[in-house]
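Next come the chains, spelled out residue by residue.
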Amino acid sequence: MNQPAVRHQVLVDVPLFGAFTYLSHFDVMAGQRVVVPFGKRQLCGVVVTGIPPEGVDESRLKSIIRPLEGLPPLPADFLRLVSFASAYYHYPEGQTLFTALPTALRDPKDIRRVDERLFGLTDAGLAEAPPARSRGRLALWQAMQDGPVSLAAARELYAQAGKWLAEELDAGRVERVEPEPTPLVVGNTPPLTGQQAAALEQLYAAPAGYSAWLLHGVTGSGKTEVYLQWIARLLAAGRQVLVLVPEINLTPQLINRFLLRFPASRIAVQHSNLADGERLRGWVDAWQGRADVVIGTRLSVFTPMPRLGLIVVDEEHDGSFKQQDGLRYHARDLAVWRAREAGVPVLLGSATPSLETMANVEAGRYRRLVLDKRAHGAASLPRVGLIDTRRLRLQDGLSPQVMSALEARLAKREMSLVFINRRGFAPVLACTDCGWTSGCPRCSTRLVLHLRERQLRCHHCGWEETVPPACPECGAPDIKPLGEGTQRLETALAQRFPQARILRIDRDTTQRKQAWDEIYRSVNAGEVDILVGTQMLAKGHDFGNLSLVTVLGADGGLYSADFRAAERLFAQLMQVAGRAGRADAPGEVLVQTQWPDHPLYQALIRHDFDGFARHLLSERRQLGFPPAAYQAMLRADAPALQDASRFLTAVRAAAESLAEGVLVSGPAPALMVRLANRERAQLVLESSSRQALHAFIDQLLPLAEAEARRQSRGLRWSLDVDPQEC
Ligand code: ADP
Ligand code: ZN
Ligand code: ZN
């Protein structure tokens, strides 16, 4: 304790930018967890490198209370990833760091765990005479004559083993010993299909170091098999592999597939529903190089892995990779950054890649590998038919064609799926006669109908107008919101087919933990005739063979206020359509629409993902939307919309002169204005230059902070970089 005090920079979990300067009377290292006083509390802090600001009087600084025991300092590459994420998402560095840490490491508590690090004597150490004074030290020394001991075992023999080993390590008489790697065992591996073999050949031929790949393979084409084979090769070379999967895909089936393929390897699973201790164990195993494979949801992108050799992002288009609160990071994007930093390849897999990724392929930043055939059987792509509902009399939203198709499947005892698209539902007005939709005169997005106020509003720029009494294009009186009339559907189906066993899948029926297991069980047991569900069904579930898929209410995604709606709808329809069809007979997909000529449906009929992606990309370029431009959103919410809007208006005014090369739109109400008794509004910030956008945000945030202090206390605000939802 008599050492002179040294200044250190420490990050703590508080909503303030930057690190805090503390004094330390003992040695600490960057990455070390410590206990620090913060206001009236004691918090866990992490020491980081960084130069303490000058001119602060020592008497005004507080001291680190003590180091936290049980773990080595967090590694430098982990801290670099954190600091990149903090800068990119403009989120306080301390909060970013503590988001990246497992919960068990966030409190100012020592970690009790078996320290499996091994220490052995070097030649110099072996040549030394036995230590004389301490019996414990002698016992440890004797044990080490026989071979390396773990730190935990050393502490059993000699209470101060940690300190002694550190000194001996410095003196070169003791060294860290890597545990003997377990030999790789690879379970049954099917012979590759021609396309899989071709893809792997290209992957293997790539020069060592960073490279980014898109594995674009239709559902069931054997993407996972490609991952497994590449992973086997890396494990054989002694590397670790990180596999990111969407929340809903992290199933026991998937984990089993890895366990069966690599029965001797240590596989750490990471997701937010694990108990704290379990999560910590996997995290530390990965960090200490003991786990060979980490499979997890978005949060696992931060897991430190010293022997990292590959990152796989499965279903890279999936929305769950983007965190929607706190640190609003995108795990796929961080994964690519991390791979580049670590100098390792990253493989993004999807049947329906995001436009961001497609744009990266076009630009030559990612290389694409295509699997366009199913891996087994002669399963062919389903026939897609469009039902033009403009001249039809629908019953509870169902066309006669869909009714009789369902009836025919029931008679043959085959399973059907009725898919209702209601994602991000926000009603847009449309004319059923001429196809007019309510567009914003200022910014080429759709106006959203607010029935209560009889207003049409733009969620992007805030434009408002009253609902027109008739179609402004053709004068027809019959204008109505798109996507109406799907609520009654289930009841209607049950009434129409009383003998059918109908299973509904939506947020409500899948809340419980075992829900999906039960759903799979009854589907596989042949206990279901008609599955009815929302977009949850489109997320990579495998319900075996459906012979019919019918799609209702999809038009809302064609002309939505959310410019990403068409991309999502197309991906969803491709994915659900992929569920139809068996080896012996192709399946059938029927889509009810008022816009059968729309390019989305025309592309769907032809199973033409690339064509429609190109169409969307060129549209985004014309409109200046991502990925052709960069976006961020300043969001605010308050009990009343006007308070959120007032704050945003003030911020916008204060920032007006700074916005060089950045377009600021709004404030506008969010698509879902009311959520949990709060009303939400936003400013959209757009630029064709990522740098310009980020420079602007850097100047904007202090203004927003100052403005927020002047506003009512009920106000909350946040920044979302690369927002996925509007
Ligand atoms: P994806 O990840 O593209 O959906 P999977 O890797 O899960 O595809 O493969 C789909 C199905 O095909 C699985 O049942 C898998 O076991 C099987 N499969 C994949 N590759 C092969 C292969 N080379 N030979 C035989 N079956 C395969
Ligand atoms: Zn009209
Ligand atoms: Zn507008």
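As a reminder, the structure under discussion sits directly above these lines.
Structural notes, computed from the coordinates.

Parameters at a glance
Residues numbered from 1 in each chain as written. Chains lettered and ligands numbered in written order. Predicted model: local features only at pLDDT ≥ 70, side-chain atom pairs only at ≥ 80, totals over all residues. Heavy atoms only, no water. Near = heavy atom within 4 Å. Polar contact = N/O pair within 3.5 Å; in protein donor to acceptor, adjacent residues only side chain to side chain. Areas by Shrake-Rupley, 256 points an atom, 1.4 Å probe, with all protein chains shown as cover. Helix = DSSP H or I, 4+ residues; strand = E, 2+ residues; numbered from the N terminus. Phe/Tyr/Trp six-rings, centres within 6.5 Å; stacked < 30°, edge-to-face > 60°. Buried < 20%, exposed > 50% of the residue type's maximum accessible area, 1.4 Å probe, protein only. Salt bridge = Lys/Arg side-chain N within 4 Å of Asp/Glu carboxyl O. Axes fitted to C-alpha atoms, helices over the stretch in contact; angles between N-to-C directions. Parallel < 35°, antiparallel > 145°, perpendicular 65-115°, else oblique. Contact = heavy atoms within 4.5 Å. Nonpolar A, V, L, I, M, F, W, Y, C, P; charged D, E, K, R; others polar. Donors = N, O, S within 2.8 Å, 3.2 Å for Na, K, Ca; no water. Tetrahedral: all angles 85-135°; square planar, octahedral: opposite > 155°, others 65-115°. Pairing = 2+ DSSP bridges. Core = buried A, V, L, I, M, F, W, Y, C linked by side-chain atoms within 4.5 Å.

Some points on the site of ligand 1
Consideration 1: Lining the immediate environment of ligand 1, one finds 15 residues, of which Pro 191, Gln 196, Lys 223, Thr 224 and Arg 257 sit closest.
Consideration 2: Contacts to ligand 1 include Pro 191, whose backbone N or O atom sits 2.8 Å from a nitrogen atom.
Consideration 3: Protein contact buries 72% of the 560 Å² of open area that ligand 1 shows by itself.
Consideration 4: With three residues, helix 8 (residues 223–236) is the single largest residue contributor to the shell around ligand 1.

Observations concerning the packing of aromatic side chains
Remark: the centre distance and the inter-plane angle together describe each pair of aromatic rings, the angle taken between the planes.
Consideration 1: For the structure shown, the criterion picks out 13 aromatic pairs.
Consideration 2: Aromatic pair Phe 78 and Trp 283: ring centres 5.6 Å apart, planes at 90 degrees, arrangement edge-to-face. Taken together, the residues Phe 78 in helix 1 (residues 76–88) and Trp 283 in helix 10 (residues 276–287) connect sequence positions 205 residues apart. For the pair shown, Phe 78 and Trp 283 are each scored as buried.
Consideration 3: Between the aromatic rings of Phe 84 and Tyr 88, the centroid separation amounts to 5.7 Å while the plane-to-plane angle is 25 degrees, which identifies the pairing as stacked. With Phe 84 and Tyr 88 both in helix 1 and four residues apart, this pair spans about one turn of that helix.
Consideration 4: A residue is classified by how much of its surface remains accessible, and Phe 84, at 24% relative accessible area, is partly exposed.
Consideration 5: Cluster of aromatic residues (ring-pair linked, three or more members): Phe 84, Tyr 88, Tyr 89 and Trp 337.

Overview of the pattern of salt bridges
Two side chains carrying opposite charge are able to pair once their charged atoms lie near each other.
Consideration 1: Considering all chains together, one arrives at 34 salt bridges under this definition.
Consideration 2: For Asp 720, the salt bridge identified is with Lys 322, shortest N-O distance 2.7 Å. Of the two residues, Asp 720 sits in strand 30 (residues 716–721) while Lys 322 sits in the loop between strand 13 (308–314) and helix 11 (331–342), which places them 398 residues apart along the sequence.
Consideration 3: For Asp 720, a relative accessible area of 0% gives the class buried.
Consideration 4: Across the salt bridge formed by Glu 588 and Arg 383, the nearest N and O atoms sit 3.9 Å from each other. Here Arg 383 lies in strand 16 (residues 383–388) and Glu 588 lies in strand 26 (residues 588–593), a separation of 205 residues in the sequence.

Concerning the packing of helix 16 (residues 565–577) against helix 18 (residues 609–623)
Consideration 1: In contact at an axis separation of 11 Å, helix 16 and helix 18 are set at 175 degrees when each is read in the N-to-C sense. Between helix 16 and helix 18, the interaxial angle falls into the category roughly antiparallel. Counted together, Ala 566, Glu 567, Phe 570 and Met 574 of helix 16 and Phe 609, Phe 612, Leu 616 and Arg 620 of helix 18 form the full contact between these two elements.
Consideration 2: Grouping the constituent residues of the contact of helix 16 with helix 18 by class yields six nonpolar, no polar and two charged.

Thoughts on the coordination of the zinc ion (ligand 2)
Consideration 1: Coordination of the zinc ion (ligand 2) by the protein is provided by Cys 431 (SG), Cys 434 (SG), Cys 471 (SG) and Cys 474 (SG), with metal-donor distances spanning 2.2 to 2.4 Å.
Consideration 2: The coordination sphere of the zinc ion (ligand 2) comprises four donor atoms, whose angles at the metal cover 107 to 114 degrees; the geometry is tetrahedral.
Consideration 3: Counting residues between consecutive donors of the zinc ion (ligand 2) along the chain gives the motif C-x2-C-x36-C-x2-C. Taken together, the residues Cys 431 in strand 18 (residues 429–431) and Cys 474 in the loop between strand 21 (464–466) and strand 22 (479–481) connect sequence positions 43 residues apart.
Consideration 4: A residue is classified by how much of its surface remains accessible, and Cys 474, at 41% relative accessible area, is partly exposed.

Digging into the side chain of Arg 332
Consideration 1: With respect to the secondary-structure elements, Arg 332 resides in helix 11.
Consideration 2: The contact partners of Arg 332, leaving out residues within four places of it in the chain, are Val 313, Glu 316, Phe 321, Leu 348, Ser 354, Glu 356 and Thr 357.

Quick look at unusual backbone geometry
Consideration 1: Of note, the bond from Pro 626 into Pro 627 is cis; its omega dihedral lies within 30 degrees of zero at 5 degrees.
Consideration 2: By secondary structure assignment, the location of Pro 627 is in the loop between helix 18 and strand 27 (630–638).
Consideration 3: Cis geometry is adopted by the peptide bond preceding Pro 667, which originates at Gly 666 and carries an omega value of 5 degrees.
Consideration 4: Mapping Pro 667 onto the fold places it in strand 28 (residues 663–675).
Consideration 5: Even without glycine at this site, His 607 takes up a positive phi of about 55 degrees.
Consideration 6: Tracing the sequence through the fold places His 607 in the loop between helix 17 (599–605) and helix 18.
Consideration 7: Here His 607 falls in the partly exposed class, since its relative accessible area comes to 25%.
Consideration 8: Positive phi is not limited to glycine here, since Asp 722 has a value of about 50 degrees.

Section: the environment of Thr 96
Consideration 1: In this fold, Thr 96 is placed in helix 2 (residues 93–100).
Consideration 2: For Thr 96, the contacting residues outside a window of four places in its chain are Val 82, Ala 85, Ser 86, Tyr 91 and Leu 327.
Consideration 3: In this structure the side chain of Thr 96 is engaged in a polar contact, spanning 2.8 Å, whose partner is the backbone oxygen of Pro 92.

Topic: the packing of helix 12 (residues 355–362) against helix 18
Consideration 1: At a minimum axis separation of 10 Å, helix 12 and helix 18 run at an interaxial angle of 90 degrees. Classified by the angle their axes make, helix 12 and helix 18 are roughly perpendicular. Of the residues in helix 18, those touching helix 12 at Leu 355, Met 358, Ala 359 and Glu 362 are Phe 609, Asp 610, Ala 613, Arg 614, Leu 616, Leu 617, Arg 620 and Arg 621.
Consideration 2: By residue class, the composition of the contact of helix 12 with helix 18 is seven nonpolar, no polar and five charged.

Points about helix 15 (residues 515–524)
Consideration 1: Among the residues making up helix 15, those that are buried are Ala 515, Trp 516, Ile 519, Tyr 520, Ser 522 and Val 523.
Consideration 2: Looking at the buried positions of helix 15, the neighbouring elements they touch are helix 9 (252–261), strand 23 (502–505) and strand 24 (530–533).

Describing the sheet that holds strand 3 (residues 33–38)
The pairing of strands in a sheet comes from backbone hydrogen bonds and takes either a parallel or an antiparallel form.
Consideration 1: Spatial ordering of the open sheet is given by 2-1-4-3-5, a layout of five strands whose pairing is antiparallel. Looking at strand neighbours, the two that pair on one side only are strand 2 (20–24) and strand 5 (66–67), the edges of this open sheet.
Consideration 2: Note: strand 1 (residues 6–12) against strand 4 (residues 41–48), four bridges, orientation antiparallel. Each residue of the ladder has a partner; that of Leu 11, found in strand 4, is Val 46.

Topic: the nonpolar core
Consideration 1: Counting 121 residues, the largest nonpolar core has Phe 78, Leu 97, Phe 302, Tyr 329, Leu 573, Leu 600 and Leu 685 as its most contacted members.
Consideration 2: Among all residues touching Phe 302, those that are not within four sequence positions of it are Phe 78, Leu 81, Ala 85, Ala 100, Trp 283, Leu 327, Tyr 329, Leu 334 and Arg 338.
Consideration 3: Counting 30 residues, the second-largest nonpolar core is a separate cluster that includes Leu 228, Ala 232, Leu 254 and Phe 258.

Examining the sheet that holds strand 11 (residues 267–270)
Consideration 1: Judged by pairing direction, the sheet is parallel, and its seven strands sit side by side in the order 11-12-10-13-14-9-15 without closing on themselves. Looking at which strands have only one partner, the edges of the open sheet turn out to be strand 11 and strand 15 (367–371). Taken pair by pair, the neighbouring strands of this sheet meet at an average axis angle of 15 degrees, ignoring direction.
Consideration 2: Strand direction decides the pairing type here: strand 11 and strand 12 (residues 293–296), joined by four bridges, are parallel.

Looking at the environment of Thr 389
Consideration 1: Topologically, Thr 389 is positioned in the loop between strand 16 and helix 13 (400–411).
Consideration 2: Put simply, Thr 389 and Thr 593 are 204 residues apart on the chain and 5.6 Å apart in space, counted from C-alpha to C-alpha.
Consideration 3: Non-local contacts of Thr 389, meaning those with residues more than four positions away in its chain, are made with Leu 394, Gln 592, Thr 593 and Gln 594.

Re the side chain of Thr 303
Consideration 1: Relative to the elements of secondary structure, Thr 303 occurs in the loop between strand 12 and strand 13.
Consideration 2: Among the residues examined, Thr 303 registers a relative accessible area of 0% and is labelled buried.
Consideration 3: Reaching out from Thr 303, the side chain makes a polar contact with the backbone oxygen of Ser 300 at a distance of 2.8 Å.
Consideration 4: Excluding residues within four positions of it along the chain, Thr 303 makes contact with Gln 270, Trp 283, Ala 286, Val 294 and Arg 338.

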